[in-house]
Each structure stands twice: as structure tokens, then as C-alpha cells.
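A closer look at the structure
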Amino acid sequence: MRRLASLLLLLLLALPTPAVAAWAFVQGNSETSSDGILAYTSNVTANNLLIVLIGHATNSTATVVDTQLNTWTSAENFYSVGNDYSGQILFAIAGSTGANTVTVTVLGGSNELILAEYSGNATASPLDQSVSAEGTSTAANSGSATTTTDGQLILGGILSAGAITAAGGSVVDVGLTGAVLNTAVTSKTQASAGSINTTATIAPSSAWLALMATFKAAAGGAGALAPQRGLMGVGQ
């Protein structure tokens, strides 16, 4: 019996380990847009996570449609009364592989608009937590939220008059020197579920908005972010 148990243990150890899916930043685009229309620079891939970060000088909620007719959902929306400026993160799951152009509708003037695409996400109910905050300092902080599953993508949306540099383990995936505020999408991954926040360094000390949305990994995934294409700072 002991020999049989030992053989079973050896067989289990010899079984291949399931591959761990890694999050990856796929592409991004940005502009200050008066018409709210912006295209992904390359074809998006079916089932990937699509992100829009928008900044606008109104107290209103933006809506998004795209040429693929994907369903867009607001993950987090924050209005700064003192600065009369809003930041909002919206997301969708790409329904097909192909070209995709986004149209954002919001009251008011020009929009700071960023698009991003990520792979490694759950396709059903991917959003887990969201939170946002504002302040005036050299350290932007979204505030904390507690994730419920391992391996999540921690997505940040940072808006400020100052230059934005990611901090706290995040990288800037897409940055924009805006007409009103500089804007950046940041990301990092969280190995184990628990309390998490998004931070960024602002220079010089300036008013900022910091939004965070966390997204669940694909089944079987809990991997770290794959190497980025390269750090994309504000103005690139």
C-alpha cells in the first residue's frame, strides 16, 4: 500500500503544470478630441479587455459606442467640484478581431481621451472593484479597495496639471499631454487578493484626480504583466 501511494505521488508530480496566463498591455492611443472620436491604431483581438479613460470639464457621465457594437460599461466616474473636471474609466470586451473606432459622447468641450487594450482578462463580469479620489500634492492616490480574486489587473486613470510618473509598482501604458490636464493610464498586477491602490508621482505639486478599476484574470490565470512595449510617459 505504501508503495502504491508513493507511485501515485510520483505520477501527480510528473503531470504537466497548467500554463499561467499573463496579463499583457496590447496597444494604446490618445488625443485631445473635440468630437470624441478615436480609433485603435491596430486591430483589436476578440475577447480582449478594451479601456477608455476620458477627462472632461463638465459634471456629467460619458457614454461610449464603437464600430464593433461592443457593450461599454462605466467602471468609475469622479467629478472634482473644486476643479470642475471629471475623470471616467469605461470598459468593454472585444466581440471580434478587427478594426475598432470609439465615439465618446459627453456634455461640454474638449476631451482628454485615451484608449487601451489588454489581454489575459476574464470575459464574463471582469470588473471587480473601483475607487477614486482627488487632491493637491506630488503624490496622487486613488484610495484603497479590496479585490476578491488573485491575479487581477490594477488599472489606474490619473489626471493632473503636473507631469505624471507612475509609482507603487505601476507603469504608464499610455500618456497624453492634454489641452486641460495631463492624462495617463497605468497598470500593475496583484498576485493575491486583498487591499490595493493606485498611486502616481506628480511634478510639480498640482491638483489631481486618481481613479482605479480592478479586473479579474482569465480562468487559470494569475500571472504578472508581460513585459511592456516600453514606458509611455505623458506627452507620448
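Here is a short report on the structure shown in this document. Every value quoted in this text rests on a predicted model; they were computed, and no experiment measured them.

Our focus in this paragraph is the sheet that holds strand E3 (residues 49–56). Taken together, five strands build an open sheet; the order of strands is E1-E8-E3-E6-E5 and the sheet is antiparallel. The open sheet is flanked by strand E1 (24–33) and strand E5 (73–80), the only strands paired with a single partner. Looking at each pair of strands side by side, their axes are set apart by 10 degrees on average, direction ignored.

What follows is about the pairing of strand E6 (residues 85–93). For E6, the tally of buried residues reaches nine of nine residues, placing the bulk of the element in the interior. Judged by which residues are buried, E6 turns out to be covered on both faces: Tyr 85, Gly 87, Ile 89, Phe 91 and Ile 93 on one side and Ser 86, Gln 88, Leu 90 and Ala 92 on the other are all buried. When E3 meets E6, the two strands line up antiparallel, connected through eight bridges. Looking across to E6, one finds that Ile 54 is bridged to Gln 88. Of the strand pairs in this sheet, E5 and E6 are connected by seven bridges, and their pairing is antiparallel. Residue Phe 78 lies in a different strand from E6, and its bridge partner there is Gly 87. Taking the residues between adjacent antiparallel strands as the criterion, E5 and E6 are bridged by four residues, where Asp 84 takes a positive phi near 50 degrees.

A large share of strand E13 (residues 171–176) lies buried, amounting to five of its six residues. As defined by bridge partners, E13 adjoins strand E14 (residues 182–190) across five bridges and the pair is classed as antiparallel. By the bridge assignment for E14, Leu 176 is matched with Thr 183. In this antiparallel pair of consecutive strands, E13 and E14, the connection spans five residues.

This part is about the nonpolar core. Core analysis: the largest hydrophobic core is formed by 26 residues, its most contacted members being Leu 49, Ile 51, Ile 89, Tyr 118, Leu 155 and Phe 215. Of all the secondary structure elements, the ones that give two or more residues to this core are E3, E5, E6, strand E8 (111–119), strand E11 (152–160), E13 and strand E16 (199–215). In contact with Ile 51, other than residues within four places in its own chain, are Tyr 40, Trp 72, Ile 89, Leu 90, Phe 91, Ile 114, Leu 115, Ala 116, Tyr 118, Leu 155 and Phe 215. Counting 17 residues, the second largest nonpolar core, distinct from the first, contains Tyr 40, Val 44, Ala 92 and Val 102.

Analysis parameters
- Residues numbered from 1 in each chain as written.
- Predicted model: local features only at pLDDT ≥ 70, side-chain atom pairs only at ≥ 80, totals over all residues.
- Heavy atoms only, no water.
- Pairing = 2+ DSSP bridges.
- Helix = DSSP H or I, 4+ residues; strand = E, 2+ residues; numbered from the N terminus.
- Axes fitted to C-alpha atoms, helices over the stretch in contact; angles between N-to-C directions.
- Buried < 20%, exposed > 50% of the residue type's maximum accessible area, 1.4 Å probe, protein only.
- Core = buried A, V, L, I, M, F, W, Y, C linked by side-chain atoms within 4.5 Å.
- Contact = heavy atoms within 4.5 Å.

What is shown is where atoms sit, not what they do.
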